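Each chain is listed here by its residues.
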Amino acid sequence: MTKRLAEVPELPTGFRVARVYDAPGPDDGLRVLVDRLWPRGVSKEKAAVDVWAKEVAPSAELRKWFHADPEARADEFAVRYADELDGDTEREGMDRLRAEAAKGNVTLLTAVKDPAGSYLSVLLAKLRESED
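Analysis parameters
- Residues numbered from 1 in each chain as written.
- Predicted model: local features only at pLDDT ≥ 70, side-chain atom pairs only at ≥ 80, totals over all residues.
- Heavy atoms only, no water.
- Helix = DSSP H or I, 4+ residues; strand = E, 2+ residues; numbered from the N terminus.
- Buried < 20%, exposed > 50% of the residue type's maximum accessible area, 1.4 Å probe, protein only.
- Areas by Shrake-Rupley, 256 points an atom, 1.4 Å probe, with all protein chains shown as cover.
- Lys, Arg positive; Asp, Glu negative; His and termini not counted.
- Charge placed at Lys NZ, Arg CZ, Asp CG, Glu CD.
- Phe/Tyr/Trp six-rings, centres within 6.5 Å; stacked < 30°, edge-to-face > 60°.
- Core = buried A, V, L, I, M, F, W, Y, C linked by side-chain atoms within 4.5 Å.
- Contact = heavy atoms within 4.5 Å.
- Expected span 1.5 Å × (residues − 1).
- Arc of directions from axis to C-beta.

Some points on the overall build of the protein chain
Counting secondary structure elements, the protein chain contains five helices and four strands. When the helices and strands of the protein chain are placed in sequence order, the string is β-β-α-β-α-α-α-β-α. Counting only C-alpha atoms and orienting by the principal axes, one finds that the protein chain spans roughly 40 × 35 × 25 Å. Burial status across the protein chain gives 39% buried among its 132 residues. Here the protein chain has roughly 7400 Å² of accessible surface; of this, 50% comes from carbon and sulfur atoms. Side chains of the protein chain give 21 positive and 26 negative charges; the mean places of these two sets differ by 5 Å.

Some details on the packing of aromatic side chains
Each pair of aromatic rings is reported with the distance of its centres and the angle of its planes. Evaluation of the coordinates by the stated rule reveals four aromatic pairs. Geometrically, the ring pair formed by Trp 38 and Trp 52 is edge-to-face, given 5.2 Å between the ring centres and 75° between the ring planes. Of this pair, Trp 38 sits in the loop between β2 (30-33) and α1 (44-47) while Trp 52 is found in strand β3 (residues 51-52), placing the two residues 14 residues apart along the sequence. Taking relative accessible area as the criterion, Trp 38 reaches 24% and is therefore assigned partly exposed. Aromatic pair Phe 66 and Phe 77: ring centres 4.5 Å apart, planes at 35°, arrangement tilted.

Comments concerning the nonpolar core
Counting residues in each nonpolar core, the largest one holds 24 residues, and the members touching the most others are Phe 15, Val 34, Val 56, Tyr 81, Leu 108, Leu 123 and Leu 127. Those elements giving two or more residues to this core turn out to be α2 (60-68), α3 (70-84), α4 (88-103), β4 (106-110) and α5 (120-128). Tyr 81 has contacts with Val 56, Ala 57, Pro 58, Leu 62, Tyr 119, Val 122 and Leu 123, leaving out every residue within four places of it along the chain. Residues Ala 18, Val 20, Leu 33 and Ala 47 belong to the second largest nonpolar core, which totals six residues.

So, the environment of Arg 40
Tracing the backbone shows Arg 40 in the loop between β2 and α1. In sequence terms Arg 40 and Ala 111 are 71 residues apart; their C-alpha atoms lie 8.3 Å from each other.

Some remarks on α4
For an α-helix, the turn length of 3.6 residues means that residues three or four places apart are oriented alike. Helix length check: α4 (16 residues) gives 23 Å between terminal C-alpha atoms against 22 Å at 1.5 Å per residue, within 8%. Taken together, the buried positions of α4 are occupied by Glu 90, Gly 93, Met 94, Leu 97 and Ala 101. Projected down its long axis, α4 shows its buried positions confined to an angular sector of 95°, all on one face. Turned more than 90 degrees away from the buried face of α4, the exposed residues are Asp 88, Ala 102 and Lys 103. Next to the buried residues of α4 lie β1 (15-19), β2, α3, β4 and α5.

Geometry only, nothing functional implied.
So, in C-alpha cells, the structure goes:
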C-alpha cells in the first residue's frame, strides 16, 4: 500500500475534488483538470473539462521521480511539489483558480485513484494559504 500524502482537513472555500472519470455533477461549477497528462480512456466530451490547468500539476520530472518509489518518497515529494508551486507560472495558475472559486464552485479533477491521498492535498493546502 502506498504511503498517503498529508490530507487537507478542510477544502478551501469554493473548491471541490473529483475524479475525471466520474460523471459531472450539477454543483461542479467550473471543472478544472489538474493533471499534466490527459487521462487514459476518457474523451474530452465525456470528461466535460472546462480548463486544463497543467501548470499547477506536478512536473513530469517530479512525477516520474515519485512513481519510481512512492512509498519511500511521499514526504519528499510533498516538499518538492510545494516548492514547484512557488514558481511564477504556478502561482499565476493558482491565482486564477482562486479567482474562479471566488465567483463559484471549482471542481479540481484528477485521474488518480485516491485524490485525498495524492498531490492534490499539497495543491489544496497551497490554495488555502490565501484564506488563512
